[in-house]
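# What the coordinates show
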Amino acid sequence: MATSISRSSISPSPQYIRTRSSPSYRRTYLILDSHYCWKRLSRSSRCFSVLHGGGGKNSRFVDTQSAMEDSHFEVVIKDPNTLPRPLSSTKSSVSTGSRLRVAYQGVPGAYSEAAAGKAYPKCEAVPCEQFDAAFEAVERWIVDRAVLPIENSLGGSIHRNYDLLLRHRLHIVGEVKFAVRHCLLANHGVQIEELKRVLSHPQALAQCENTLTGLGLVREAVDDTAGAAKHVAFHKLKDAGAVASSVAASIYGLNILAEDIQDDSDNVTRFLMLAREPIIPGIDRPFKTSIVFSLEEGPGILFKALAVFALRQINLTKIESRPLRNQPLRSSDDNGYGSSKYFDYLFYVDFEASMADQNAQNALRHLKEFATFLRVLGSYPMDTSMP
Ligand SMILES: O=C(O)C(=O)C[C@]1(C(=O)O)C=C[C@@H](O)C=C1
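My aim in this report is to walk through the structure given alongside it, one point at a time. Bear in mind that the values here come from a model prediction, so they are computed numbers and not experimental data.

## Notes on the pairing of strand β18 (residues 345-351)
- Among the seven residues that make up β18, six are buried, leaving the element largely enclosed by the rest of the structure.
- The pairing of strand β14 (residues 287-295) with β18 spans five bridges and is classified as antiparallel. Residue pairing for β18: S290 is matched across the bridge by D350.
- Where strand β15 (residues 316-323) lies against β18, seven bridges are found, and the strand directions are antiparallel. When the sheet's bridge partners are listed, E320 is paired in β18 with Y348.

## What about the sheet that holds strand β19 (residues 371-381)?
- Sheet architecture is open: four strands sit in the order β15-β18-β14-β19, paired in antiparallel fashion. Of all strands in the sheet, those bounded by a partner on one side alone are β15 and β19. Averaged over all neighbouring strand pairs, the angle between strand axes comes to 15°, with direction disregarded.

## Details of the pairing of strand β3 (residues 101-105)
- The buried count for β3 comes to five of five residues, which makes it a mostly enclosed element.
- Neither face of β3 is open: one carries R101, A103 and Q105, the other V102 and Y104, and all of them are buried.
- Relative to strand β4 (residues 124-128), β3 runs parallel, the two being bridged by five bridges. Within β4, the residue paired with Q105 across the bridge is C128.
- Where the polypeptide runs from β3 across helix α2 (residues 111-119) and back to β4, its parallel neighbour, the crossover connection is right-handed.
- Pairing analysis gives two bridges linking β3 to strand β5 (residues 145-152), with the strands arranged parallel. Directly across from A103, in β5, lies its bridge partner A146.

## Quick notes on the nonpolar core
- Of all hydrophobic cores here, the largest spans 93 residues; its most connected members are V102, A146, V147, L185 and A229.
- Both domain 1 (183-258) and domain 2 (280-381) contribute no fewer than three residues apiece to this core.
- In this structure A146 touches V102, A103, A134, F135, A137, V138 and L274, once residues within four positions along its chain are discounted.

Rules used in this analysis
Residues numbered from 1 in each chain as written. Predicted model: local features only at pLDDT ≥ 70, side-chain atom pairs only at ≥ 80, totals over all residues. Buried ≥ 20, exposed ≤ 12 C-beta atoms within 10 Å, placed from the backbone. Helix = DSSP H or I, 4+ residues; strand = E, 2+ residues; numbered from the N terminus. Pairing = 2+ DSSP bridges. Axes fitted to C-alpha atoms, helices over the stretch in contact; angles between N-to-C directions. Right-handed = clockwise from strand over helix to strand, strands pointing away. Core = buried A, V, L, I, M, F, W, Y, C linked by C-beta atoms within 7 Å. Domains from an automatic or database assignment. Contact = placed C-beta atoms within 7 Å.

Here you go:
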């Protein structure tokens, strides 16, 4: 039985980006990513710097003050040792030939465990309490990979994982689409009419909105679907059911009261496969590339940013915006539009092209002309299978 990883078993995550500039100044960031990195300095920027390497002795502070004259400057660092290796071991399971250890969030029976098995057949799936524990488990060489949900066809994006992708230094090396078929589970002998509440992961509850509303059940959010099933079984609850998989029902000895209770039969969750090192992008099969960037303020800037792909016939499959954290609310005094405040955003974009494709490289070169920050999260084979 694999041991579960909780946040408390791992020391706190290093900060990926740390700035030393005064918060009142507009900032752009310089990211020294091991494989893809480029940054443009904002002309309005004052001195700033970025920490790469988590603050340890491998960290690199880049004082960009001297680079201020050259507002278009590019840095490319190729460093194979992206992440520190553990003191106890210098070999991963991959190099030792043992089973690949793959972190997922939840307990056995969670959909994420099944997705990890689909992504890496024969792997040893390692349960983690929270998403960030899974990221850290890979970073600290406790496991080799993580498989984490990023979006669902009914419930939408899993925002937490977008934020963690940026905070951590892992690379997207693949994706896997998994058909999620929810069941309503309860202890044996409990009838559906006796249920007053239902426990599950918030995404799963959202995916079964119509069914649960029809049954008049009060929703209670927990960390994962299988955890909900385990809780209902462990406490022998009579008034509560769980939304979870049929696998969870058999693991925790629950009865399946209803099957396929998701609002749409096509309920697919897309999971990302994460690793310490990126894969070498190819052009031998369909590839997808995921990037994150931020932009200067100004009319039509997002339009221009997206046009770099349209101009080259590159199809976008996903765009997500997230607040740029640690960036103070900028006063609109900056540009003289009264006293209202506004936010800065990060844009996460997935597009259908490989970083090995010149067309994609040109698009990103074009994008960096007006991006204040740009990072390639990964270039990886598309999952074209039927989920
Ligand atoms: O709780 C689980 O079983 C999970 O694997 C998590 C999760 C999610 O985070 O979206 C994964 C797939 C389903 O969409 C519902 C829940």
